[in-house]
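The lines below spell out each chain.
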Amino acid sequence: MFLLGIESSCDETAASVFTDEPKILSSVVASQDRFHSRFGGVVPEVAARAHLTQIIPVFRQALAEAGIVARDLGAVAVQNRPGLVGSLLIGVSAAKMISVALGIPLIGVDHIEGHVYSCQLGSQKSIFPCLALIVSGGHTLLLDCQTATQSRRIGQTRDDAAGEALDKAAAMLGLGFPGGPALERMANKGNPKAFLFPLGMPQESNPDFSFSGLKTALLYTIRKLDQPLSEMQKADLAASFLQAVVQSLVRKCKFALKATGHKRLAVGGGVAVNGLLRSQLTDLATTLGVELILAPVAWCTDNAAMAAVSVEYLRQGKISPPDLDALPL
Ligand code: KG4
Ligand code: ZN
């Protein structure tokens, strides 16, 4: 059976075709960076309008790349929660229209479960039960996952998400939008020990995160330096800031692994693309004797292949009603 997945929770318009195995046959992502870069961040109304223009072309391309036509589809899944409500509404409306037009089941799925499931997609065997770290522009979460659809939140950010902090740090350093990848490139040229930044929520035994103090510390450090900053100073600031964010994430994973006793750590979300985070988590997993399952890089940032978690819903007979809503939280 062929399923269609739709993602429109933030600023990527995405569609994917997969089988009920699940095997991913296509994954098309239309980025909206060009619409948001001049504002330095995602503007919700601009995002919703961009989804509206992109959703049908992206859907058609996903079918074409999978080599199927619409009437071959057996179900349509949409990530209907959480996210920007105006953005979610476009994907949910499109999925409902496709469900009604083709007479196929509609399955609303959780975007966060999708990020965890992207780790499953890259693995040959079941990754559950596991501890999951989902780290993106909108979320920094530690989840105790029993199955793909049963999890308990054990840690979260008290303020900014890690990706949001990286994006804002990149903006302060004049590196453009989206900031995470630009900050990583700049950090690779710098010294992570050049500046000492404070870790948010430093208590080892607290699984929550905080990144806003770190962001303020960067702002004050920049203000104290002669302007304009040299490329070397920017590289050192980027490297030191990134090191502080990564260290914070790794420390909390260490604590949560010990507290839960999990022997597997799954990591997904846009920030999981970051090379420093991937290598420091690899070291942590080796030290603790834990299996590390990193989401494949192509499925870290928002995409619709992760909506393949719908296959698990389908197995449990969890079909959504036609009045499925978009839920921001
Ligand atoms: O998962 P995602 O596409 O969207 C949300 O659900 O938020 O994540 C986007 C975030 C952005 O904050 C972006 O700067 C960050 O992921 N990101 C990175 C890298 N690539 C993307 N952060 C650090 N290093 C990267 N290479
Ligand atoms: Zn996401």
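Residues numbered from 1 in each chain as written. Chains lettered and ligands numbered in written order. Predicted model: local features only at pLDDT ≥ 70, side-chain atom pairs only at ≥ 80, totals over all residues. Heavy atoms only, no water.

Draft legend 1. Quick peek at the site of ligand 1. Residues in contact with ligand 1 amount to 19 residues; listed here are only the nearest, G137, G138, D167, E184 and D302. Within the side chain of S136, a nitrogen or oxygen atom sits 3.2 Å from an oxygen atom of ligand 1. One of the side-chain N or O atoms of D167 is found 2.6 Å from an oxygen atom in ligand 1. In the complex, the protein chains occlude 90% of the 550 Å² of accessible area that ligand 1 would expose alone. (Near = heavy atom within 4 Å. Polar contact = N/O pair within 3.5 Å; in protein donor to acceptor, adjacent residues only side chain to side chain. Areas by Shrake-Rupley, 256 points an atom, 1.4 Å probe, with all protein chains shown as cover.)

Draft legend 2. Inspection of the sheet that holds strand β8 (residues 150–156) at higher detail. A sheet is described by the order of its strands in space; here 5 strands give the open sequence β8-β7-β6-β9-β10, paired in mixed fashion. One side of each edge strand has no neighbouring strand; the edge strands of this open sheet are β8 and β10 (291–294). Adjacent strand axes in the sheet meet at a mean angle of 25° when their direction is disregarded. In this sheet, strand β9 (residues 264–268) lies alongside strand β6 (residues 130–135) in parallel orientation, the contact comprising 4 bridges. Bridged to I134 within β9 is G268. Strands in contact with helix α9 (residues 275–288) are β6, β9 and β10; relative to β10, the strand with the most contacts, it is inclined by about 160°. (Pairing = 2+ DSSP bridges. Helix = DSSP H or I, 4+ residues; strand = E, 2+ residues; numbered from the N terminus. Axes fitted to C-alpha atoms, helices over the stretch in contact; angles between N-to-C directions. Contact = heavy atoms within 4.5 Å.)

Draft legend 3. Examining the sheet that holds strand β3 (residues 24–31) more closely. Strand order in the open sheet formed by 5 strands is β3-β2-β1-β4-β5, with mixed pairing between adjacent strands. The open sheet has two free edges, formed respectively by β3 and β5 (106–110), since each of these has just one partner strand. Between one strand and the next, the sheet's axes are offset by a mean angle of 20°, whatever the strand orientation. Of the strand pairs in this sheet, strand β1 (residues 2–7) and strand β2 (residues 12–19) are connected by 6 bridges, and their pairing is antiparallel.

Draft legend 4. View of the domain arrangement of the protein. Assigned domains of the protein: these are domain 1 (2–115 + 301–315) and domain 2 (128–299). Distance from the C-alpha centre of domain 1 to the C-alpha centre of domain 2: 27 Å. Residue-level contacts link 19 residues of domain 1 with 15 residues of domain 2. In terms of surface lost to domain 2, no three residues of domain 1 exceed I112, H115 and T301, which account for 43% of the buried area on that side. Joining domain 1 to domain 2, the criterion identifies 0 salt bridges. The interface formed by domain 1 and domain 2 includes 1 residue pair in polar contact (both at pLDDT 80 or more). Those elements giving two or more residues to the side of domain 1 that touches domain 2 turn out to be β3, α1 (33–36), α4 (111–121) and α10 (310–315). (Domains from an automatic or database assignment. Buried area = accessible area lost by both parts, 1.4 Å probe. Salt bridge = Lys/Arg side-chain N within 4 Å of Asp/Glu carboxyl O.)

Draft legend 5. Expanded view of the state of the cysteines. Scanning the model with the defined rule gives 0 disulfides in all. A disulfide-free cysteine, C119 has its sulfur positioned 7.3 Å from the sulfur of C300, the nearest such atom. With no disulfide of its own, C145 lies 4.5 Å from the sulfur of C130, the closest cysteine sulfur. (Disulfide = S-S within 2.5 Å.)

Draft legend 6. Representation of the coordination of the zinc ion (ligand 2). Only H111 (NE2), H115 (NE2) and D302 (OD) from the protein coordinate the zinc ion (ligand 2), and they sit 2.0 to 2.1 Å from it. For the zinc ion (ligand 2), the 4 donor atoms are set out with angles of 94 to 140° between them, so the coordination reads as irregular. Each donor residue of the zinc ion (ligand 2) belongs to the same chain, and together they define the spacing H-x3-H-x186-D. Pair noted here: H115 is in helix α4 and D302 is in the loop between β10 and α10, with a separation of 187 residues, a long-range link. (Donors = N, O, S within 2.8 Å, 3.2 Å for Na, K, Ca; no water. Tetrahedral: all angles 85-135°; square planar, octahedral: opposite > 155°, others 65-115°.)

Draft legend 7. Structural context of the pattern of salt bridges. The full count for this structure, using the stated rule, is 10 salt bridges. We note a salt bridge from R49 to E45, for which the minimum N-O separation is 2.7 Å. In this pair, R49 and E45 are both assigned in helix α2 (residues 44–66), 4 residues apart and thus about one turn of the helix distant. Take R49: its relative accessible area is 54%, and that puts it in the exposed class. Two residues, D160 and K215, come together in a salt bridge whose shortest N-O distance is 2.5 Å. (Buried < 20%, exposed > 50% of the residue type's maximum accessible area, 1.4 Å probe, protein only.)

Draft legend 8. Up close: helix α6 (residues 179–187). α6 sits mainly inside the fold: 7 of its 9 residues count as buried. Considered for burial, the residues of α6 that qualify are G179, G180, A182, L183, E184, M186 and A187. Of the surrounding secondary structure, the elements contacted by the buried residues of α6 are α5 (162–172), α8 (231–260) and α9.

Draft legend 9. Spatial organisation of unusual backbone geometry. Of note, the amide linkage connecting E21 to P22 takes the cis form, showing an omega dihedral of 0°. In this fold, P22 is placed in the loop between β2 and β3. Note that the residue after Q227, namely P228, is joined by a cis bond; omega there is -10°. Summarising the element assignment, P228 is placed in the loop between α7 (212–224) and α8. The phi dihedral of M201 is positive, around 45°, even though this residue is not glycine. Mapping M201 onto the fold places it in the loop between α6 and α7.

Draft legend 10. Looking closely at the packing of α5 against α8. Running from N to C, α5 and α8 point in directions that differ by 175°, and their axes come no closer than 11 Å. Relative to α8, the element α5 lies roughly antiparallel. On α8, the residues that touch A162, A165, L166 and A169 of α5 are F241, L242, V245 and L249. Along the lines of polarity and charge, the residues of the contact of α5 with α8 split into 8 nonpolar, no polar and no charged. (Parallel < 35°, antiparallel > 145°, perpendicular 65-115°, else oblique. Nonpolar A, V, L, I, M, F, W, Y, C, P; charged D, E, K, R; others polar.)

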